[in-house]
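Summary of the model geometry
Letter by letter, the chains look like this.
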Amino acid sequence: MSDRRLTADKPAERLYNGLVKENPTFVLMLGMCPTLAVTVSAINGLGMGLTTTAVLMLSNLMISLLRKVIPGRVRIPAFIVIIASFVTIVQLLLEAYLPALNKSLGVYIPLIVVNCIILGRAESYAYSHSAIASLFDGLGMGLGFSVALTCIGAVRELLGAGKLFGMAVLPESFTPISIFALAPGAFFVLAGLTALQNVWKSKRSVHASASGSESISSEEMPTKQADSESAQEALPAGCVQNCAACGVSGCSGHGRFYDDRYQDLSSDNKSDNKSDEDGLTMIELEEEES
């Protein structure tokens, strides 16, 4: 999918923007605290990402609906109150229905209140756009965050424990690389995945530019062919295109030939006159010096 084909502020464009174009983790580098802290396993990354997605969607929707009511001077405190309310609701639901995940994520759930992704989208998008666009903007950013955290957690869990979503996928002979289960491993995996995405984006942009130039060339080709055909049709039948030895004076090609010859002769005469003038100037200068 190309972002050129998407209409701005439409649901599809907002989803593509959050997942690829402005991915909060791999592109904007926002929310690094939970990204590096809770991605020890894929399930933790997925749980944190979906929790943040729910808060993003609800807060964006509410802030967009109240954007004409919230005074500009106190908008940041109002944003924090709205976000904190939804974080509390989500945390209570996790405690009731997913206590293991809630215990695993720990203090990072309350810290969603000050997550710069949520505050950033509230300030830069939800406060100035419609409710539907803001809802899908939150969904796109949340899904992009969830995908990023899940990928980082999956790589760290696979290399650091030989498991994926808690299930052993590598043989027992595999020796886990313990550094990937520690904080430095999160930096290594984040850097590697970001580099892979940059390589993919660069190749994609080169391919898009190449295909665009080919389409432009294919559009210009019929015009060039038509011009050459019309030029050939303007010549009389049996023309050998040797205008210097041709006796037909009414031919359009004949006229073009002598027009070109006249232009060439005129330019030659001008250059000769310029040379003569330069020569006379040099002679006058020499006489004055003598």
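The coordinates are above.
The sections below set out a description of the structure shown in this document.

Reading guide: rules and limits
- Residues numbered from 1 in each chain as written.
- Predicted model: local features only at pLDDT ≥ 70, side-chain atom pairs only at ≥ 80, totals over all residues.
- Heavy atoms only, no water.
- Helix = DSSP H or I, 4+ residues; strand = E, 2+ residues; numbered from the N terminus.
- Contact = heavy atoms within 4.5 Å.
- Buried < 20%, exposed > 50% of the residue type's maximum accessible area, 1.4 Å probe, protein only.
- Axes fitted to C-alpha atoms, helices over the stretch in contact; angles between N-to-C directions.
- Parallel < 35°, antiparallel > 145°, perpendicular 65-115°, else oblique.
- Left-handed = near helix turned anticlockwise from the far one by under 90°.
- Lys, Arg positive; Asp, Glu negative; His and termini not counted.
- Salt bridge = Lys/Arg side-chain N within 4 Å of Asp/Glu carboxyl O.
- Polar contact = N/O pair within 3.5 Å; in protein donor to acceptor, adjacent residues only side chain to side chain.
- Nonpolar A, V, L, I, M, F, W, Y, C, P; charged D, E, K, R; others polar.
- Phe/Tyr/Trp six-rings, centres within 6.5 Å; stacked < 30°, edge-to-face > 60°.
- Core = buried A, V, L, I, M, F, W, Y, C linked by side-chain atoms within 4.5 Å.

1. So, the side chain of Thr53
Within the fold, Thr53 resides in helix H3 (residues 42–65). Sequence-distant contacts of Thr53, defined by excluding residues within four places in its chain, comprise Leu139, Gly142, Leu143 and Ser146.

2. Observations concerning the environment of Phe188
Within the fold, Phe188 resides in helix H8 (residues 183–234). A relative accessible area of 48% means that Phe188 is categorised as partly exposed. Phe188 sits 32 residues away from Arg156 along the chain, and the two C-alpha atoms are 9.4 Å apart. The residues contacting Phe188, other than those within four sequence positions of it, are Ile179 and Phe180.

3. Quick notes on the environment of Glu157
With respect to the helices and strands, Glu157 occurs in helix H7 (residues 131–161). Remark: the alpha-carbon pair of Glu157 and Thr39, spanning 118 residues in sequence, is separated by 8.4 Å.

4. Looking at the packing of helix H1 (residues 11–21) against H7
Running from N to C, H1 and H7 cross one another at 30°; their axes reach a closest spacing of 7 Å. One finds that H1 runs roughly parallel with respect to H7. Seen from above, H1 lies across H7 with right-handed handedness. Two secondary-structure elements touch here, H1 through Pro11, Arg14, Leu15, Asn17, Gly18 and Leu19 and H7 through Ala133, Phe136, Asp137, Leu139, Gly140, Met141, Leu143, Gly144 and Val147.

5. Points about the side chain of Arg156
Among the structural elements, Arg156 can be located in helix H7. The buried charged residue Arg156 lacks any salt bridge, with Glu157 as its nearest oppositely charged partner at 9.7 Å. Polar side-chain contacts of Arg156 include one of 2.9 Å to the backbone oxygen of Phe180. In contact with Arg156, other than residues within four places in its own chain, are Leu36, Thr39, Val40, Ala161, Phe180, Ala181, Leu182, Ala183, Gly185, Ala186 and Val189.

6. Topic: the pattern of salt bridges
If the charged atoms of two oppositely charged side chains come close together, the side chains can form a pair. In this structure the tally under the stated criterion is 5 salt bridges. Residue Glu123 is joined to Arg75 by a salt bridge in which the shortest nitrogen-to-oxygen separation is 2.9 Å. Within this pair, whereas Glu123 is found in helix H6 (residues 116–124), its partner Arg75 is found in helix H4 (residues 75–97), the two being separated by 48 residues in sequence. Accessibility expressed as a relative area gives 26% for Arg75, which makes it partly exposed. A salt bridge links Arg121 to Asp137; the nearest nitrogen and oxygen atoms lie 2.8 Å apart. Here the residue Arg121 occupies a position in helix H6, and Asp137 occupies one in helix H7, the gap between them amounting to 16 residues. The exposure classification of Arg121 matches that of Asp137, with both residues buried. Among the charged side chains, a salt-bridge network with shared partners connects Glu13, Arg14, Glu22, Arg121 and Asp137.

7. Brief notes about the packing of H4 against H6
Packing of H4 against H6 brings their axes to within 11 Å, and their N-to-C directions diverge by 130°. Here H6 runs oblique to H4, going by the angle between their axes. The interaxial crossing formed by H4 with H6 has right-handed handedness. The residues of H6 that touch H4, namely those facing Arg75, Ile76, Phe79, Ile80 and Ile83, are Ile118, Leu119, Ala122 and Glu123. Across the contact of H4 with H6, the residue classes tally to 7 nonpolar, no polar and 2 charged.

8. A look at the packing of aromatic side chains
Inspection of the entire model under this criterion finds 1 aromatic pair. Ring geometry for Phe79 and Tyr127: centres 5.5 Å apart, planes at 70°, overall edge-to-face. Remark: Tyr127 occurs in the loop between H6 and H7 and Phe79 occurs in helix H4; sequence separation between them is 48 residues.

9. Looking at the nonpolar core
If you look at the biggest cluster of nonpolar residues, it comprises 26 residues, and the most contacted ones within it are Met48, Val55, Ile63, Val87, Leu105, Ile112 and Ile118. Secondary-structure elements contributing two or more residues to this core are H3, H4, helix H5 (99–105), H6 and H7. Ranked by residue count, the leading element in this core is H4, at 8 residues. Those residues in contact with Val87 that sit more than four places away from it in its chain are Val55, Ile109, Pro110, Ile112 and Val113. The next biggest cluster of nonpolar side chains, apart from the first, holds 9 residues, and it includes Phe26, Ala148, Val189 and Leu193.

Read these as spatial facts, not as claims about activity.
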